[in-house]
Number of protein chains: 2
Amino acid sequence: MSIVVVGSVAYDTIETIHGSAQAALGGSASYFSLAARFFAPVSIVAVVGSDFKPSDKELLIERNIDVRGLERRDGKTMHWHGRYHEDMNKRDTISLALNVFAGFEPALLPDQRRADYLFLGNISPALQQHVLAQMSSPKVVAADTMNHWIESDRAALTKLLAGLDILTLNDEEARILSGEHNLVKAGRAVLKMGPKIALVKRGEYGVLQFSREGMFAVPAYPLEEVLDPTGAGDTFAGGVMGYLARHGRLSEGTLRSAVVYGSVMASFVVEKFALERLTTLTWEEVDRRYRAFIELTDCQHPRWTSQ
Amino acid sequence: MSIVVVGSVAYDTIETIHGSAQAALGGSASYFSLAARFFAPVSIVAVVGSDFKPSDKELLIERNIDVRGLERRDGKTMHWHGRYHEDMNKRDTISLALNVFAGFEPALLPDQRRADYLFLGNISPALQQHVLAQMSSPKVVAADTMNHWIESDRAALTKLLAGLDILTLNDEEARILSGEHNLVKAGRAVLKMGPKIALVKRGEYGVLQFSREGMFAVPAYPLEEVLDPTGAGDTFAGGVMGYLARHGRLSEGTLRSAVVYGSVMASFVVEKFALERLTTLTWEEVDRRYRAFIELTDCQHPRWTSQ
């Protein structure tokens, strides 16, 4: 079943202690779709400026991402400039030029409105709601949000939450949204706000999933080198939604596997700058790391218990 | 098979945002033995002062902990006073009075020297070596260390590491010991220093195990309330060594289960101040949380995959 993603397509300038990338293709919709396309057809809804490079559009098309909904407007493409600390869990935004993204009014194509899987990338909750209202009867609606929206537009976010199957957010955002410092209490409080599932992203420490069945915890895949964490959250969401769309149902079992695949996808993207790693990634590599991930976390596999 | 633990028995004054404990029984040997005794017989080697309360000795004896090696000397018992930040991953030592512990020269009883399992709590590496030299032919030797010894007595620590099966340390200590910031590189570098296994403790984020078989990652059991993290590392070690001693072999399979049981034991101790929770804990509670822990981390259980 196909997935529609609404979010940003941007140019990112990224600095980490390992180097930098200048005006590299980025944005939540780019990361999400480049991960999700391994599992199911993906269709983008986003806006870019007249400076958007034909080669970047081609990059998406070549990977079977439907870009009919990638609107081109006069002006410049959104540009984000960020700098990571030595501790890559922390970063500063040096500048953010919304450019054409400031006037973004997502309008879905008729076939996009009939999609079963919808991911609302991190845009204003009012815009997310505007998109959700255009859908006929989606099976699974997931959204990402951030501290900025929680603090500046809680009313719109509260309304949105009531219509969500899945909310993705990081641990700090879960604390701000719920008012609970303890993460278990925070996750449970978020569920009471509407979403059936809350996926709390903890960066290098993995993901904590809250659902009506209880909790599920996965570590992040331990890597020898992390060059650039940009887009890890959207890449994770792409893996999760991709897996769910491929398997066509939202049970605790598929959800847990989806979270592992999301973690696997995120473990790749941080290995190189911007989204470069996702453009060269093969299904064989995904499959190999999925098996390594299972081995990493499994204490009951016959391989170990027969010893 | 029985376990010998060498470490501190102390009185701790602990302050957290949730309250405080005054001169409560603590010390690495106390936490370790109160966890390990659920799995195998434990024998303590430690020193206390003349102020050591008979009721505290009784507390250990009643829980089948062998205290023949608990030496009593004129003077006061070691006293530690610590204060945790709101973020309980951080704490300050307000004061540390070694008292009789300053003259501690552990001498093992003849039957202790023949034990198969030895845990060297966080004392100076020279003292740890002094104890190890008294053992006839232990099957598994584990030790804990800390940044203080890594920085002040690296030569003695390096010598000790060569004779260890298991080293437990936290993530920051793994970085200092190895000189590697990346935790995967740090863990692998620690293995090259001698220990067959390195268990890197990450507090609320769980444990990363390094062995010749590769890596194993477990999250910490998510709790609604953490009152006092004191002793969590030693309690974890008690669960690990207890499980290994009970099963009598050090394979990757038993090790992984041991790390889960260690995590389970640690998840209890932080629920109350000092070691109180370990004194009331029952095997039924341990077993129930072990099963909850497996459910928390398992993405392949039939309960989920049959859905």
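All of the points below concern the structure found in this document. Every chain's residues receive numbers from 1 upward, in the order its sequence appears when written. To read the labels, note that chains go from A and ligands from 1, taken in the order they are written. Thresholds applied to this predicted model are a pLDDT of at least 70 for local features of residues and 80 or more for the giving and counting of side-chain atom pairs; totals over whole chains, interfaces and linings are not thresholded and use all residues. Hydrogens are left out, water is left out, and the side-chain values use all remaining heavy atoms of the structure.

Right, let's talk about the overall build of chain A for a bit. Counting from the N terminus, the helices are the DSSP runs of H or I reaching at least four residues and the strands are the DSSP runs of E reaching at least two. Within chain A, the regular secondary structure consists of 13 helices and 14 strands. Atoms counted for the radius of gyration: C-alpha only. Globule rule: 2.2 Å times the number of residues to the power 0.38. For 307 residues, the compact-globule estimate of 2.2 N^0.38 gives 19 Å, and the C-alpha radius of gyration of chain A, at 18 Å, lies within 12% of that figure. With the C-alpha coordinates of chain A rotated into their principal frame, the extents come out at 65 × 40 × 35 Å. Classification of the 307 residues of chain A by burial places 60% in the buried group. Once local pairs closer than 6 in sequence are excluded, the contacts in chain A between residues at least 24 apart make up 63%. Neither His nor the chain ends contribute to the count of charged residues, in which Lys and Arg are positive and Asp and Glu negative. To locate a charge, take atom NZ for lysine, CZ for arginine, CG for aspartate or CD for glutamate. Counting 33 positive and 37 negative side-chain charges, chain A places the centres of these two groups 5 Å from one another. When a residue's accessible area, from a 1.4 Å probe over protein chains only, is under 20% of the maximum for its type it is buried; when over 50% it is exposed; and in between it is partly exposed. Throughout, a residue-residue contact means that at least one pair of heavy atoms, one from each residue, lies within 4.5 Å.

This part takes up the interface of chain B and chain A. Counting from both sides, the interface comprises 37 residues of chain B and, opposite them, 37 residues of chain A. Approximately 3,600 Å² of surface area, both sides summed, lies buried where chain B meets chain A, with 49% of it carried by carbon and sulfur atoms. Any Lys or Arg side-chain nitrogen located within 4 Å of an Asp or Glu carboxyl oxygen qualifies as a salt bridge. Where chain B meets chain A, there are six salt bridges. Distance and chemistry together define a polar contact, namely a pair of N or O atoms within 3.5 Å, with one atom able to donate a hydrogen and the other to accept it when in protein, and with adjacent residues in sequence counting only for side-chain atoms on both sides. Taken together, the connections running from chain B to chain A amount to 12 residue pairs in polar contact (both at pLDDT 80 or more). Going through the elements one at a time, helix H8 (183-192), strand S14 (214-218), helix H10 (252-269), helix H12 (283-297) and helix H13 (302-305) of chain B are the ones with two or more residues in the side of chain B that touches chain A. The term buried area denotes the loss of accessible surface (1.4 Å probe radius) that occurs when two parts are joined, taken as the sum for both partners.

It takes a turn of 180 degrees to lay chain B on chain A, together with a shift of 0.0 Å along the axis; the resulting RMSD is 0.0 Å. When the rotation and shift are considered jointly, the pair of chain copies conforms to a two-fold rotation axis. Of all interface residues in chain B, 100% are interface residues in chain A too; the two copies therefore contact each other through one and the same surface. Our superposition of the copies is a least-squares fit, built on the C-alpha atoms of residues whose pLDDT is at least 70 in both.

Residue and element names in this part refer to chain B. All axes here are fitted lines through C-alpha atoms, helices being fitted over the stretch that makes contact, and every angle between N-to-C directions spans 0 to 180 degrees. Where helix H1 (residues 28-36) meets helix H9 (residues 232-247), the axes come as close as 7 Å, and the angle between the chain directions of the two elements is 40 degrees. By the angle class used here, H1 and H9 are oblique. Taken as a pair, H1 and H9 cross one another with a handedness that is right-handed. Between H1 and H9, the residues in contact are Ser28, Tyr31, Phe32, Ala35 and Ala36 and Asp234, Thr235, Ala237, Gly238, Gly239, Met241 and Gly242, respectively. Residues of the contact of H1 with H9, tallied by class, amount to six nonpolar, five polar and one charged. Each angle gets one of four labels, with under 35 degrees taken as roughly parallel, over 145 as roughly antiparallel, 65 to 115 as roughly perpendicular, and the rest as oblique. Crossing handedness is read from the near helix: turned anticlockwise from the far helix by less than a right angle, it gives a left-handed crossing, and turned clockwise, a right-handed one. All amino acids are sorted into three groups, where Ala, Val, Leu, Ile, Met, Phe, Trp, Tyr, Cys and Pro are nonpolar, Asp, Glu, Lys and Arg are charged, and the leftover types, Gly among them, are polar.

The next point concerns the sheet that holds strand S7 (residues 79-84) of chain A. Residue and element names in this part refer to chain A. The strand order across the open sheet built from four strands is S3-S2-S7-S8, with neighbouring strands paired in mixed fashion. A single partner strand is all that each edge strand has here, and the edge strands are strand S3 (19-26) and strand S8 (91-97). When the angles between neighbouring strand axes are averaged without regard to direction, this sheet yields 15 degrees. For strand S2 (residues 10-16) and S3, the ladder comprises six bridges, and the chain directions are antiparallel. Directly across from Thr16, in S3, lies its bridge partner Gly19. For two strands to be treated as a pair, DSSP must find no fewer than two bridges joining them.

What follows covers the sheet that holds strand S3 (residues 19-26) of chain B. Residues and elements named next belong to chain B. Across the sheet, which stays open at both edges, the four strands sit in the order S3-S2-S7-S8 with mixed pairing between neighbours. The sheet is open, and its two borders are formed by S3 and strand S8 (91-97), each paired with just one other strand. Each adjacent strand pair in this sheet contributes to an overall mean axis angle of 15 degrees, direction not counted. With six bridges connecting them, strand S7 (residues 79-84) and S8 associate as antiparallel partners. Bridge pairing in S8 places Trp80 opposite Leu96.

Moving on: the pattern of salt bridges. All names here are of chain A. Considering all chains together, one arrives at 32 salt bridges over all chains under this definition. We note a salt bridge from Asp144 to Lys201, for which the minimum N-O separation is 3.1 Å. In this pair, Asp144 is assigned in strand S10 (residues 140-144) and Lys201 in strand S12 (residues 197-201), connecting sequence segments 57 residues apart. In this structure, Asp144 and Lys201 share a single accessibility class: buried. Between Asp287 and Arg291 there is a salt bridge; the shortest N-O distance is 3.2 Å. One end of the pair, Asp287, and the other, Arg291, are both in helix H12 (residues 283-297), four residues apart, so they sit about a helical turn from each other. You can call Asp287 partly exposed: its relative accessible area is 26%. Judged by its relative accessible area of 49%, Arg291 falls in the partly exposed class. The network of salt bridges with shared partners includes Glu271, Arg277, Glu285 and Arg289.

Each aromatic ring pair is summarised here by two numbers: the centre-to-centre distance and the angle between the ring planes. Side-chain rings of Phe, Tyr and Trp, where Trp is taken by its six-membered ring, are said to pair if the distance between their centres is within 6.5 Å; with planes under 30 degrees apart they count as stacked, over 60 as edge-to-face, and otherwise as tilted. For the coordinates displayed, the defined rule picks out 19 aromatic pairs over all chains. Geometrically, the ring pair formed by Tyr205 of chain A and Tyr205 of chain B is stacked, given 3.6 Å between the ring centres and 5 degrees between the ring planes. Residue Tyr205 of chain A is found in the loop between S12 and strand S13 (207-211), and its partner Tyr205 of chain B is found in the loop between strand S12 (197-201) and strand S13 (207-211); the two belong to separate chains. When sorted by exposure, Tyr205 of chain A lands in the same class as Tyr205 of chain B, which is buried. With a centroid separation of 4.5 Å and 5 degrees between ring planes, the pair formed by Phe32 of chain B and Phe119 of chain B is classed as stacked. Placement of the pair is Phe32 of chain B in helix H1 and Phe119 of chain B in strand S9 (residues 117-120), with a sequence separation of 87 residues.

Here we come to the environment of Arg289 of chain B. Residues and elements named next belong to chain B. By the element assignment, Arg289 lies in helix H12. Each C-alpha atom of the pair Arg289 and Tyr261 lies 9.2 Å from the other, and the pair is 28 residues apart in sequence. Aside from chain neighbours lying at most four places away, what touches Arg289 is Tyr221, Leu223, Val264, Ser267, Phe268 and Glu271. Polar side-chain contacts of Arg289 include one of 2.9 Å to the side chain of Ser267.

Moving on, we get to the environment of Ala155 of chain B. Residue and element names in this part refer to chain B. Here Ala155 shows up in helix H6 (residues 154-161). Overall, Ala155 belongs to the exposed group, its relative accessible area being 62%. Taking the C-alpha atoms as reference, Ala155 lies 19 Å from Lys196; in sequence the two are 41 residues apart.

A word on empty space enclosed by the protein. We place a 1 Å grid over just the protein atoms. Points where a 1.4 Å probe fits but has no way out form a cavity, open points with protein on both sides within 12 Å along at least 5 of 7 lines form a pocket, and any residue with an atom within 4 Å of a point lines it. Grid points are joined across faces, edges and corners, and a volume is the space filled by probe spheres set on the points. Tallied over the full model, the rule gives two cavities of 30 Å³ or more. Size it by volume and the largest cavity reaches roughly 90 Å³. Lining the largest cavity we find Ile294, Thr297, Asp298, Cys299 and Gln300 of chain A together with Ile294, Thr297, Asp298, Cys299 and Gln300 of chain B. Elements supplying a minimum of two residues to the lining of the largest cavity: H12 of chain A together with H12 of chain B. Residue classes in the lining of the largest cavity are distributed as four nonpolar, four polar and two charged. One number sums up the size of the second largest cavity: a volume of about 30 Å³. If you trace the second largest cavity, you find it lined by Phe119, Ala142, Ile166, Thr168, Leu199, Ala237, Val240 and Met241 of chain A.

On to unusual backbone geometry. All names here are of chain A. Of note, the phi angle at Asn64 is positive, near 65 degrees, even though the residue is not glycine. The residue Asn64 is located in the loop between helix H2 (54-62) and strand S5 (65-66) in this model. On the basis of relative accessibility, which here comes to 66%, the residue Asn64 falls in the exposed class. In this model, Asn99 sits at a positive phi of 50 degrees, which is unusual for a non-glycine residue. The topology assignment puts Asn99 in the loop between S8 and helix H3 (110-113). Among the residues examined, Asn99 registers a relative accessible area of 32% and is labelled partly exposed.

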